[in-house]
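For reference, the chains in residue letters:
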Amino acid sequence: MLRKFLKFKFKLILIILSLFLYLEFGILNPERAKYGIASGDPFLNQVVLTFDDGPREHGIQELLSVMKDCDVHATFFLVGKFAERYEDITKLIYNSGHEIANHSYTHPKLFKLWVEKIMREAERCDEVMQNLNLRKTMFLRPPGGGFNIKIFNAMRRMNLKLGLWSLNTADYTGRPASEIINLVLHGVKPGTIILMHSGVPNTVQALPEIIKGLKAKGYELVRLDDMWNCWRI
Ligand SMILES: [Zn+2]
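Since the model is a prediction, treat every value here as computed from it, not as a measurement.

Enquirer: A description of the pairing of strand β9 (residues 193-197) should follow, citing residues and the corresponding values.
Expert: Of all five residues in β9, five are buried, a share of seventy percent or more. Here β9 shows a buried face lined by Ile193, Leu195 and His197 and a second buried face lined by Ile194 and Met196. Judged from the five bridges that link them, strand β3 (residues 46-54) and β9 form a sheet pairing that is parallel. Counterpart to Leu49 in the pairing with β9 is Ile194. Pairing between strand β8 (residues 167-168) and β9: two bridges, direction parallel. Within the sheet, the bridge partner assigned to Asn168 lies in β9 and is Leu195. In this region the chain leaves β8, passes through helix α7 (residues 177-187) and returns to the parallel neighbour β9; the handedness of that crossover is right-handed.

Written out as structure tokens, the structure reads:
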């Protein structure tokens, strides 16, 4: 009898907890939760190229000139301390029409930090962008992509959205350009958000073929904020 009662009580606690989490945070579905985006509208032929961990000195001119020649814009998740160090490169990226978004100030694993520390990391990155007179971003990408309730809590207080990805090229592993191209062109579908990194020579080398291939498949390459705004609910 007691065992049955305890079992029932446990179930009741689980139900109440689930209800609380649902009411408090909504359904945390990775496609488009209330708190961010991991891929776009599956009925629109849009794709986003994202570049993390910049700005880096190496390869940026080539990267920007490829995108200029192809008339496409991307989203750069910049690390605040690097943006501070390479102010001119940061402004160059921004003035070339690309979106600059928040990738923290020192690139720590945010999910290991307390809410206040998470907020400080995001705020410091925002402050650097503000000092450069860049428009405030609505997106935060936690380094490594790991997230939890503490990060959602911090983002809600800062009015930031989670900007994740749905296709990881793992270009940082040193894989050849041909592999990066194949991975993107075979893995892409409407709404794909592609993760790449700044300062990777093979990525710069792969980019012209990637853009050409995506366009040939009928995709429009947009920035993350454009993809967000185009979502039809
Ligand atoms: Zn990163």
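Now that the structure is up, let's keep going.
Enquirer: I'd like a rundown of the coordination of the zinc ion, residues and numbers included.
Expert: Looking at the zinc ion, the protein donor atoms are Asp53 (OD), His103 (NE2) and His107 (NE2), and they sit 2.1 Å from it. A residue is classified by how much of its surface remains accessible, and His103, at 1% relative accessible area, is buried.

Enquirer: Can you explain helix α2 (residues 60-70)? Please cite residues and give values.
Expert: Listed as buried for α2 are Ile60, Leu63, Leu64, Val66 and Met67. End-on, the buried residues of α2 take up no more than an arc of 155°, which puts them together on one face. Turned more than 90 degrees away from the buried face of α2 sit Gln61, Lys68 and Asp69, all of them exposed. In this structure, the buried side of α2 is in contact with β3, β4 (75-78), α4 (87-95) and α8 (201-216). The first or second residue beyond α2 is Asp71, which carries a positive phi of 55°.

The rules we used
The residue count restarts for each chain, going from 1 along the sequence in the order it is written. The predicted origin of the model limits local features to residues at a pLDDT of at least 70 and limits the giving and counting of side-chain atom pairs to 80 or more, whereas totals for whole chains, interfaces and linings rest on all residues. Calculation of side-chain values draws on the structure's entire complement of heavy atoms; hydrogens and water are dropped beforehand. For each residue, the accessible area found with a 1.4 Å probe, counting protein chains only, is set against the maximum for its type, and the residue is called buried under 20%, exposed over 50%, and partly exposed in between. Under the scheme used here, helices are H or I runs from DSSP no shorter than 4 residues and strands are E runs no shorter than 2 residues, and both carry numbers assigned from the N terminus. Each pair of strands is called paired provided DSSP finds at least two bridges between the two strands. With its strands directed away from the observer, a crossover is right-handed exactly when the path from the first strand over the helix to the second travels clockwise. Ligating atoms shown are N, O and S within 2.8 Å of the metal, or 3.2 Å for Na, K and Ca, and water is not included, meaning a site may look less than complete. Arc, as used here, means the arc of the directions from the helix axis to the C-beta atoms. We call two residues contacting when some pair of their heavy atoms lies within 4.5 Å.

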